Amino acid sequence: MNSSSTQFVTSRRMSAYEPIHQMSMWGESFMSNGNLNASASMIMDADTKLDNQSEDASQGILGPSSKYDQEATKPTDKVQRRLAQNREAARKSRMRKKAYVQQLETSRLKLVQLEQELDRARQQGLYIGSGLDANPLGYSGTMNPGCVAAFEMEYGHWVEEQNKQISELRTALQAQISDIELHLLVDRGMSHYFDLFSMKSKAAKVDVFYVMSGMWKTSAERFFSWIGGFRPSELLKVLLPQLYPLAEQQHLDVSSLRQSCQQAEDALSQGMDKLQFTLAQTVAADPPGEGIYVPQMAIAMEKLEALVSFVNQADHLRRETLQQMSRILTIRQAARGLLALGEYFQRLRALSSLWTTRPCETT
């Protein structure tokens, strides 16, 4: 019986869709055993196993189907994510391109504005160049042209602001405003000159020859220039008549200040003369004809660094002179002094413009 059952189950497993073959197997089983109950029991067991196998087969068919569906959806989700990432990358790329184009446009507008300001400054005569005032940038050939343009543009804005302050001071003195309001204008005018000294100090670090030569000034201003600026003692002599009446103590203090300025100026001038002498000796140290200048040039470069110190000391003397005068004078006298100082430089610039635009006689 056991062998028959085994043969039956195996046959069912091998050929579930051959009923005629199954019926012959059942007949052989009945004949060999001669027991109907056993055969019925065997058939029931076989049917039960068949049902179980059918259920297993159905589960096996349904199981992989759902698994296949899941596997089929996976590539679709991956593609969707990839498409979303591509869209986001494209959006960011468009934003970067737009920002870059806007930056280029902003730079172009700034460049156009810069050129317009340079043209306007040239027309107003604020940038006077070489000895014949032909170069609007005043480029002497040593300083970086970009640095020259930046410094002279900054100086041009400084002159424009000074002209505004001169007009405000003139109006304030005529209107007899309060001392408190006048004090604010005086402080602002003083700070404006201090800003100029700071600008010159930065430019001297780039090219001290350019600053000392005064190429950024008009020709008439350069005629009175001393170490890249005005000589304090001479300026006090020019402005003193504009400050009268002075009290006796004020007159003594101004005279003492002018004497101190002269002593400091003489000391700086003597230092400059000594530097020129030692520099000339250094350059001409070795006999001519050898054609090797590297050692002399290295030493000369070290000595030239002292020129920056001379420019800074001269501007420091100018700064101290302005501060001392503001302490000696009353607030209204200080306002009149700043007004006279500003108008003095305005007249020098006007004289330069008249000189450069004069009709030249042909021979």
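Everything numeric in this text was worked out from a predicted model, so none of it was measured.

### Focus: the overall build of the protein chain
Point 1. Tallying secondary structure elements over the protein chain gives 11 helices and 0 strands in all.
Point 2. Each helix and strand of the protein chain, ordered N terminal to C terminal, gives the series α-α-α-α-α-α-α-α-α-α-α.
Point 3. The long-range fraction of contacts in the protein chain, counting pairs at least 24 apart against all pairs at least 6 apart in sequence, stands at 77%.

### Here's the deal with the packing of helix α8 (residues 232-239) against helix α9 (residues 248-283)
Point 1. One way to put it is that α8 packs onto α9 with a least axis distance of 8 Å and a crossing angle of 150°. Judged on the interaxial angle alone, α9 and α8 are roughly antiparallel. Contacts from Pro 232, Ser 233, Leu 236 and Lys 237 in α8 reach Leu 257, Arg 258, Cys 261, Gln 262 and Glu 265 in α9.
Point 2. Classifying every residue of the contact of α8 with α9 gives 4 nonpolar, 2 polar and 3 charged.

### Some points on the pattern of salt bridges
Point 1. On inspection of all chains with the given rule, the structure shows 10 salt bridges.
Point 2. The salt bridge involving Arg 188 is made with Glu 168; its shortest N-O contact spans 2.0 Å. Here Arg 188, found in helix α5 (residues 179-206), pairs with Glu 168, found in helix α4 (residues 145-175); they are 20 residues apart in sequence, far enough to count as distant.
Point 3. Take Arg 188: its relative accessible area is 35%, and that puts it in the partly exposed class.
Point 4. With a closest N to O distance of 2.4 Å, Asp 315 and Arg 318 form a salt bridge. On the criterion of helical spacing, the pair formed by Asp 315 and Arg 318 is a turn pair, its members being 3 residues apart in helix α10 (residues 294-328). We note that Asp 315, like Arg 318, is buried.

### Digging into α9
Point 1. For α9, spanning 36 residues, the distance from its first C-alpha to its last is 53 Å, which sits close to the expected 52 Å at 1.5 Å a residue.
Point 2. Taken residue by residue, α9 has Gln 250, Val 254, Leu 257, Cys 261, Glu 265, Leu 268, Met 272, Leu 275 and Thr 282 as its buried positions.

### Comments concerning unusual backbone geometry
Point 1. Each neighbour pair has its own omega, and for Tyr 244 with Pro 245 the value is 5°, a cis peptide bond.
Point 2. At Ile 227, a position not held by glycine, the phi torsion is positive, near 50°.
Point 3. Judged by relative accessible area, which is 10%, Ile 227 ranks as buried.

### Quick look at the confidence of the model for the protein chain
Point 1. Predicted confidence across the protein chain gives a mean pLDDT of 76, with 66% of residues reaching 70 or more.
Point 2. The secondary-structure element of the protein chain with the lowest mean pLDDT is helix α1 (residues 2-14), recorded at 42, while α5 shows the highest, at 94.
Point 3. This model gives residues 53-65 a pLDDT under 50, and the stretch forms 3 contacts once residues within four places in sequence are excluded.

### Quick word on a nonpolar patch on the surface
Point 1. Taken together, the side chains of Tyr 100, Val 101 and Leu 104 present a nonpolar region at the surface, about 300 Å² in accessible area.
Point 2. Mapped onto the fold, Val 101 is located in helix α3 (residues 36-124).

### Digging into the packing of α8 against helix α11 (residues 331-356)
For any two helices packed against each other, one specifies the crossing angle of their axes together with the interaxial distance.
Point 1. Orientation of α8 relative to α11, taken along the N-to-C sense of each, is 110°, at an axis distance of 11 Å. With respect to α11, the axis of α8 lies roughly perpendicular. Two secondary-structure elements touch here, α8 through Leu 235, Val 238 and Leu 239 and α11 through Gly 337, Ala 340, Leu 341 and Tyr 344.
Point 2. Along the lines of polarity and charge, the residues of the contact of α8 with α11 split into 6 nonpolar, 1 polar and no charged.

### Re the packing of aromatic side chains
Point 1. For the structure shown, the criterion picks out 9 aromatic pairs.
Point 2. Both rings, one in Phe 151 and one in Trp 216, keep their centres 5.5 Å apart while their planes meet at 90°; by these two values the pair is edge-to-face. With Phe 151 in helix α4 and Trp 216 in the loop between α6 (208-213) and α7 (219-223), the pair connects residues that are 65 residues apart, well separated along the chain.
Point 3. Among the aromatic residues, those joined into a ring-pair cluster are Phe 151, Tyr 155, Trp 158, Tyr 193, Tyr 210 and Trp 216.
Point 4. Cation over ring: Arg 318 sits above Phe 230, and NZ or CZ is 5.7 Å from the ring centre.
Point 5. When the ring centre of Trp 355 is taken as origin, the NZ or CZ atom of Arg 358, which lies over that ring, is 3.6 Å away.

### Points about the side chain of Arg 349
Point 1. As for its position among the elements, Arg 349 is in helix α11.
Point 2. Here Arg 349 falls in the buried class, since its relative accessible area comes to 10%.
Point 3. Beyond its immediate stretch of four places on either side in the chain, Arg 349 contacts Tyr 155, Val 159, Gln 162, Asn 163, Thr 218 and Glu 221.

### Focus: the environment of Gly 342
Point 1. Here Gly 342 lies in helix α11.
Point 2. Relative accessible area serves as the criterion here: at 1%, Gly 342 is assigned to the buried category.
Point 3. It is 6.3 Å that separates the C-alpha atoms of Gly 342 and Ile 166, two residues lying 176 residues apart in sequence.
Point 4. When neighbours within four sequence positions are excluded, Gly 342 is seen to be in contact with Gln 162, Ile 166 and Tyr 193.

Criteria and thresholds
Residues numbered from 1 in each chain as written. Predicted model: local features only at pLDDT ≥ 70, side-chain atom pairs only at ≥ 80, totals over all residues. Heavy atoms only, no water. Helix = DSSP H or I, 4+ residues; strand = E, 2+ residues; numbered from the N terminus. Contact = heavy atoms within 4.5 Å. Axes fitted to C-alpha atoms, helices over the stretch in contact; angles between N-to-C directions. Parallel < 35°, antiparallel > 145°, perpendicular 65-115°, else oblique. Nonpolar A, V, L, I, M, F, W, Y, C, P; charged D, E, K, R; others polar. Salt bridge = Lys/Arg side-chain N within 4 Å of Asp/Glu carboxyl O. Buried < 20%, exposed > 50% of the residue type's maximum accessible area, 1.4 Å probe, protein only. Expected span 1.5 Å × (residues − 1). pLDDT = per-residue confidence, 0-100. Patch = residues over 30% accessible without salt bridge, like charges linked within 9 Å, V, L, I, M, F, W, Y side chains within 5 Å. Areas by Shrake-Rupley, 256 points an atom, 1.4 Å probe, with all protein chains shown as cover. Phe/Tyr/Trp six-rings, centres within 6.5 Å; stacked < 30°, edge-to-face > 60°. Lys NZ or Arg CZ within 6 Å of the ring centre and 35° of its normal.

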